Amino acid sequence: FGHRNARMNITHLADAVSLLTGRKADSGKQETLINEAVLLIEEASKLDGLDPTTLITLISYVAGKCGGNEQTRARVVSCLVPRTRVPYLAVLKALGCMSTLEPFLQQLLFKWMVDVYYLIDSHAPVHAVYNAVFLYIHYEHLRPVVCQFLCYLTRKSDVTKHRAHKLLQLHQQLLDAGGTDGALLELLSTYKLYCPHLITIPVPAGCKILCSQHFNALLMEKILHAQTTEATDSTLEQQACQYEDTAPPATKCPRMMVDTTEVACVHPAAEHVGGHVGSVVPTAQPTSFEELCANVDRVVALSTRVGLVLKSDVLKYVLSIDVDPTAAVHLLQWLQLSLGYEVSRYNHGEPCHQLEHLLTCLVELGEFLCEPIPIVEGFLEAFLKLWDGKTHQKAVLGLLPFLPLKRFEDLYSTVLAPIEQLYRKEGIEFKYDCLMSLIELLRKMVTLEWNRRKRLHDDGDHRVSSVFSEYYTEDTTGAQIDAAESIKRLASYSGRLAVLGLQDNNECSLLQHAALSLCELVCGLREEYNIPVVILPPVPLVYGSLLSGSVVPLSRICACLTQYKEVLSKLPQSERDHKLTVTFNSIVLDFCDALWRNLAFVNSQRPYPTLLFTLPREVLRSCGLVNTHEKLSITHHPALLGVVKQFFQTLEKCPPHPHPAMIFTQANLRKAYLQYLLSHQLASLVRFIRAFVLTKLNEST
């Protein structure tokens, strides 16, 4: 009867808390009553959250020696949903009792502190016990959550040689055991952000500094619900005032939005609440120095207006010559946070002017510094999964030239594979922009990155010397990359994409221009850029230029073939590829037969097989095609008929009935025609004939 009456008295949250904290020990007849009290606390925390005083009381219950069994205390920890603020005293109590708790409860409390960190009313007292928290990093079962908590607490004054040495020692032990710890790497990257000279290992490019990792998704949902409800009741400032015994702020600071001058990380729990400086601590833009000082502990990462570098050429120049790498690392972290924020709020197919402006500034930064930007690959890897290929097309594809020089397999898996999927289904404009961006990427690799790596390799330094040296990972430095092989595979891949685009769009002249620009770059890799590779252009592209109705592609491909002869003639016999040599000789013979010898589709004896004129002339005659052997010559080619007509008009004594065949039958006309081609920007045709057909021509021709 007395037990039943006791159950009837538990109708308020205060009664339930008093029952938990006031009992001396568990007894069999109280178990049901205790369970009912915990249920009431769970319902109250889920509905409205708990006030600061209740949070402190329940933390004391969990930390106490008479706190009940482990299961009951674990349920109480899951109820610690703050209605407004988390008093720092509750966090200190939790840290103070940590060594006496069971391992499972230790994990729960650390996870709770990580999840509610941005709601703590004052970080200064918590930061004062930084050294005590750091000691728990040696416990393997606590290391991930302790590292995350330390990432939030760490300031520049906390980064010492002793602590850095401890972290590096733990990291090396994990590597020796064949594993790694992402949370430990994140803490190391935070240390390196403040003191790069103490952390000797490269910072992983994909490691996010001060990212908000939540260990209890259900708890975060409860916090968002409780604080959103409290904010709509417009009583948040009064409760904070009663707890802190201070007056509410007179004005409200607008929440800081991500732009190209300032950025900060917004905690998800504060994202849905109004931007009050003294309430639940969302990231806000201070309006005065006093407000900044009052809220300095709640600031996630002061921007220090590092984004202004993107708008000033003077600051870009200072960044490029600054001997302190910390500024560049800060800028990269700023860009990473800003781009990550924009990706998180990107809607498929909807343009975002803020994102486009940020990407444009990033491209201008890369062009000014003339080097890759390490965070571009990570951004593209995340954004291309959401991108429709249309919004911000110029800005997104403009980032491709600033990818780092790395293994082709890695580059393909992260960026090129999703780009290829869009390339196959998008239109001509996308294909052209994509090809030109890949050409520019290849050009930067062979002109800048190759020479930089070669120079540093000769000096015995395998680090990439650049503005962003401190940010590069090990797999993008030094001799671990076969740079020549990566360049070769990227050039071959770009050529295949060009052929695919031409075949899908009926030999579009715009795509043909991009493809020939790629050929002109690739044919000079060995002679002009001293890269020990020789890559022939794709065979379909070469013959497509020969059969083109425009004289420009024909002239450009002839210039490339002439340059290839110079490259192959200087190549040592030991370095020559037999298959490449046979292919090149077959192409040259086909061009000579078509342009000069009038032997197209003629089954003549030749040392190398034809790759184009494989149809028998009998089949062509049956289709009504006659005189096919001369239809592609420099006098009868469809692309050159207009040139031949203009040539006859310039003659002083023009034949009464001029015909292209007269040029080959009369020696004086042949010489005059070649001279005419030289003087009308078609000299590459004459050079090709001089290099492969006529060994001795008069200097006048």
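Predicted model, so just to flag it, every value in this text is computed and none were measured.

Draft legend 1. Region of the structure containing the overall build of the protein. Counting secondary structure elements, the protein contains 33 helices and zero strands. Carbon and sulfur atoms form 54% of the exposed surface of the protein, whose accessible area is close to 32,700 Å².

Draft legend 2. Here's a closer look at the side chain of His123. Following the sequence through the fold, His123 ends up in the loop between α7 (103-115) and α8 (124-127). Looking at His123, its side chain comes within polar contact range of the main-chain oxygen of Tyr117, at 2.8 Å.

Draft legend 3. View of the pattern of salt bridges. The final tally for this structure, using the stated rule, is 15 salt bridges. As a salt-bridge pair, Glu102 and Arg73 come within 3.0 Å of each other at their nearest N and O atoms. With Glu102 in the loop between α6 (88-96) and α7 and Arg73 in helix α5 (residues 70-78), this pair connects stretches of sequence that are 29 residues apart. Look at Arg73 and you get buried, because its relative accessible area is 7%. The salt bridge involving Glu342 is made with Arg345; its shortest N-O contact spans 3.1 Å. Look at Glu342 and you get buried, because its relative accessible area is 2%. On the basis of relative accessibility, which here comes to 34%, the residue Arg345 falls in the partly exposed class.

Draft legend 4. Structural view of helix α20 (residues 375-383). Looking at α20, one finds that the buried residues are Ile375, Val376, Glu377, Phe379, Leu380 and Phe383. As for α20, its buried residues are in contact with α18 (326-344), α19 (353-369), α21 (393-397) and α22 (408-425).

Draft legend 5. Representation of a nonpolar patch on the surface. Residues Val314, Tyr317, Val318, Ile321 and Phe368 make up a contiguous nonpolar surface patch of roughly 480 Å² in combined accessible area. No other element matches helix α17 (residues 313-321), which puts four residues into the nonpolar patch. Turning to its location among the elements, Ile321 is positioned in helix α17. For Ile321, a relative accessible area of 49% puts it in the partly exposed group.

Draft legend 6. Looking closely at helix α25 (residues 509-522). The first and last C-alpha atoms of α25 sit 20 Å apart over 14 residues, in line with the 20 Å expected at 1.5 Å per residue. Burial in α25 covers these residues: Leu511, Gln512, Ala514, Ala515, Leu516, Ser517, Leu518, Cys519, Leu521 and Val522.

Draft legend 7. Spotlight on the packing of aromatic side chains. Considering all chains together, one arrives at 24 aromatic pairs under this definition. Taking 6.3 Å as the distance between ring centres and 65° as the angle between the ring planes, the aromatic pair formed by Phe110 and Phe149 counts as edge-to-face. A residue pair is termed long-range when its members are at least 10 positions apart, and Phe110 in helix α7 and Phe149 in helix α10 (residues 143-153) qualify at 39 residues. Take Phe110 and Phe149: they sit in the same class, and that class is buried. Taken together through their ring pairs, the aromatic side chains of Phe110, Tyr117, Tyr118, Tyr136, Tyr139, Phe149 and Tyr152 make up a single cluster.

Draft legend 8. Here's a closer look at unusual backbone geometry. One non-glycine residue, Cys370, adopts positive backbone phi at about 55°. Looking at the element boundaries, Cys370 is found in the loop between α19 and α20.

Draft legend 9. Just the packing of α18 against α20, in detail. At a minimum axis distance of 10 Å, the contact between α18 and α20 shows a crossing angle of 10°. By the angle between their directions, the pair α18 and α20 is classed as roughly parallel. Here α18 contributes Leu332, Leu335, Gln336, Leu339 and Val343 to the contact with α20, which in turn contributes Ile375, Phe379 and Phe383. By residue class, the composition of the contact of α18 with α20 is seven nonpolar, one polar and no charged.

Draft legend 10. Layout of the nonpolar core. The biggest cluster of nonpolar side chains holds 131 residues, and the ones touching the most others in it are Leu380 and Phe591. Each residue touching Phe591, except ones within four places of it in the same chain, is listed here: Val542, Tyr543, Leu546, Leu554, Ile557, Cys558, Leu561, Trp596 and Phe688. Leu55, Leu95, Ile120 and Leu142 belong to the second largest nonpolar core, which has 69 residues in total.

Draft legend 11. Summary view of the environment of Trp112. One can find Trp112 in helix α7. With 31 residues separating them in the primary sequence, Trp112 and Val81 have C-alpha atoms 9.4 Å apart.

Draft legend 12. Molecular detail of the confidence of the model for the protein. Averaged over every residue, the pLDDT of the protein is 77; residues scoring 70 or more account for 77%. Note on residues 231-284: pLDDT is under 50 here. Beyond four places in sequence and across chains, it has 130 contacts. Across residues 696-701 the pLDDT falls below 50, and counting only partners more than four positions away or on other chains, this stretch makes eight contacts in the model.

Draft legend 13. A look at the side chain of Gln393. Inspection of the secondary structure puts Gln393 in helix α21. Contact partners of Gln393, with chain neighbours within four places excluded, come to Trp387, Glu429, Phe430 and Asp433.

Draft legend 14. Up close: the environment of Gln421. Locating Gln421 in the fold gives a position in helix α22. Judged by its relative accessible area of 57%, Gln421 is exposed. For the pair Gln421 and Gly389, spaced 32 residues apart in sequence, the C-alpha separation works out to 9.8 Å.

Parameters at a glance
- Residues numbered from 1 in each chain as written.
- Predicted model: local features only at pLDDT ≥ 70, side-chain atom pairs only at ≥ 80, totals over all residues.
- Heavy atoms only, no water.
- Helix = DSSP H or I, 4+ residues; strand = E, 2+ residues; numbered from the N terminus.
- Areas by Shrake-Rupley, 256 points an atom, 1.4 Å probe, with all protein chains shown as cover.
- Polar contact = N/O pair within 3.5 Å; in protein donor to acceptor, adjacent residues only side chain to side chain.
- Salt bridge = Lys/Arg side-chain N within 4 Å of Asp/Glu carboxyl O.
- Buried < 20%, exposed > 50% of the residue type's maximum accessible area, 1.4 Å probe, protein only.
- Contact = heavy atoms within 4.5 Å.
- Patch = residues over 30% accessible without salt bridge, like charges linked within 9 Å, V, L, I, M, F, W, Y side chains within 5 Å.
- Expected span 1.5 Å × (residues − 1).
- Phe/Tyr/Trp six-rings, centres within 6.5 Å; stacked < 30°, edge-to-face > 60°.
- Axes fitted to C-alpha atoms, helices over the stretch in contact; angles between N-to-C directions.
- Parallel < 35°, antiparallel > 145°, perpendicular 65-115°, else oblique.
- Nonpolar A, V, L, I, M, F, W, Y, C, P; charged D, E, K, R; others polar.
- Core = buried A, V, L, I, M, F, W, Y, C linked by side-chain atoms within 4.5 Å.
- pLDDT = per-residue confidence, 0-100.

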